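Geometric and topological summary
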Amino acid sequence: MTEPITRIAAGAYEMGFADINALIKYRDQNPTTPIKAVFIVYNKPPYGVVARKSRGITDPKELENKKVGAPPSGATFAQWPLFAKLNNIDMSKVTIETVAIAVRAPMLAAGQIDAALGYSFRVYVDLKDRGVPLDDIVLMPMADYGLKLYGNAIIVGPKFAAEKPEAVRAFLHAFLKGLKEAVRQPADAVDSVVRRDDTVKREVELERLRMAIRDNIITPEVLANGYGAVDFPRLAESIDQIGLTYTFKTKPKAEDIFDASFLPPASERRVN
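Starting afresh in each chain, residues are numbered from 1 along the sequence in its written order. Per-residue local features of the predicted model are confined to residues with pLDDT of at least 70, and side-chain atom pairs are confined, for both listing and counting, to 80 or more; whole-chain, interface and lining totals are unaffected and use all residues. Calculated side-chain values reflect all of the structure's heavy atoms, with hydrogen atoms and water omitted.

Any carboxyl oxygen of Asp or Glu that lies within 4 Å of a side-chain nitrogen of Lys or Arg is treated as forming a salt bridge with it. A full pass over the atoms with the stated rule returns 17 salt bridges. With a shortest N-O distance of 2.8 Å, Glu-166 and Arg-169 are connected by a salt bridge. Placement of the pair is Glu-166 and Arg-169 together in helix α7 (residues 165-184), with a separation of 3 residues, close to one helical turn. For Asp-215, the salt bridge identified is with Arg-214, shortest N-O distance 2.8 Å. One salt-bridge network, held together by shared partners, links Asp-126, Glu-205 and Arg-208. Only DSSP runs of H or I reaching four residues or more are called helices, and only runs of E reaching two or more are called strands; each is numbered from the N terminus.

Structure follows, in structure tokens:
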């Protein structure tokens, strides 16, 4: 979860793709390493709980006295305490089973666990692909249950941002162009992946991409403000919300986390 951030901090990489909430905590713990996000990709975070109705779960509170599978280093697991607090879940009554990402959906499909934590578009589509009936799959996106957080973003190291600002802007311009093309033509985007990795299932990955676009990338906020930007009051609120279950040492401000100066012009970032 923090690997892209720590690699940039170590100088191994100039830019990366990382969970912005992991960055917020990293900046709190390392205030002298001013890595910043410069482009939000997942305006609505994909953290989700995917459960089986047949296991007696239809809402968050019913996760109590159940077994939930979670990769321990995952970004979704990091938000589990906040999700539990916002939904009045007694965490002591939930059994968290440490599972690898590769076996999470198979275990849920086989009934070895009652629910799983992970990105919604990953766990939901994987479970469906394993033949679990749709009317037995319960998807609970954490953002629909109180979380105000943003999701993954493009981040940049301070040295590279200061020395090569035009390179950062050029990269974001190119990334935006590619993102727009993927949104317009998701099948072409998936085909480009399949050509490079013949182990993936085209239709499964196409459904996953379409779900991510619909639920996490093209949100009402993005439709109003364009790709890439943050609403600073919302970002500030999300930092405060993280503080409900995380003790800040030196709580960063929204402006410490996101730098909008590298974004392409608003006219280019409009959804069209």
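Take the buried residues of types Ala, Val, Leu, Ile, Met, Phe, Trp, Tyr and Cys, join any two whose side-chain atoms come within 4.5 Å, and each joined set is a nonpolar core. Between buried and exposed lies partly exposed: a residue is buried under 20% and exposed over 50% of the maximum accessible area for its type, with that area taken using a 1.4 Å probe on protein chains only. In this structure, Phe-39, Leu-63 and Leu-235 are the most contacted members of the largest nonpolar core, which totals 81 residues. Only heavy atoms matter for contacts: two residues are in contact if any of them lie within 4.5 Å across the pair. Apart from the residues within four sequence positions on either side, Leu-63 is in contact with Val-49, Ile-57, Val-68, Trp-80, Phe-83, Ile-89, Val-94, Ala-115 and Met-140.

As paired strands, strand β4 (residues 67-70) and strand β5 (residues 95-98) are joined by 4 bridges and run parallel to one another. Bridging across to β5, Gly-69 finds its partner in Glu-97. Each parallel crossover has a hand, and the one from β4 via helix α3 (residues 75-86) to β5 is right-handed. The criterion for strand pairing is that DSSP finds at least two bridges linking the strands in question. The path from the first strand over the helix to the second decides the hand: if it runs clockwise while the strands point away from the viewer, the crossover is right-handed.

Let us now look at unusual backbone geometry. For Asn-65, which is not glycine, the phi dihedral falls at a positive 65 degrees. Taking the relative accessible area as the measure of exposure, Asn-65 reaches 64% and is therefore exposed. A positive phi angle, near 55 degrees, is found at Asn-88, a position not held by glycine. Checked against the element boundaries, Asn-88 lands in the loop between α3 and β5. In this structure Asn-88 comes out as exposed when scored by relative accessible area, which is 57%.

Moving on to helix α5 (residues 120-129). Three or more residues of α5 are buried, namely Ser-120, Phe-121, Val-123, Tyr-124, Val-125 and Leu-127. On its buried face, α5 sits against β3 (47-52), α4 (101-110), β6 (115-119), β7 (137-141) and α9 (202-217). Immediately beyond the C-terminal end of α5, within one or two residues, lies Gly-131, with a positive phi of roughly 90 degrees.

Any Phe, Tyr or Trp ring, taking Trp's six-membered ring, that has another such ring centre within 6.5 Å forms a pair; planes under 30 degrees apart are called stacked, those over 60 apart edge-to-face, and the others tilted. One pass over the full model with this rule turns up 11 aromatic pairs. With a centroid separation of 5.9 Å and an interplanar angle of 75 degrees, the aromatic rings of Phe-17 and Tyr-42 are classed as edge-to-face. Of this pair, Phe-17 sits in strand β1 (residues 15-19) while Tyr-42 sits in the loop between β2 (36-40) and β3, and the two are 25 residues apart along the sequence. Residue Tyr-42 is classed as buried on the basis of its relative accessible area of 11%. On the basis of an interplanar angle of 65 degrees and a centroid distance of 5.7 Å, the ring pair of Tyr-119 and Phe-121 is categorised as edge-to-face. Taken together, Phe-17, Tyr-42, Tyr-47, Tyr-119 and Phe-121 form an aromatic cluster joined through their ring pairs.

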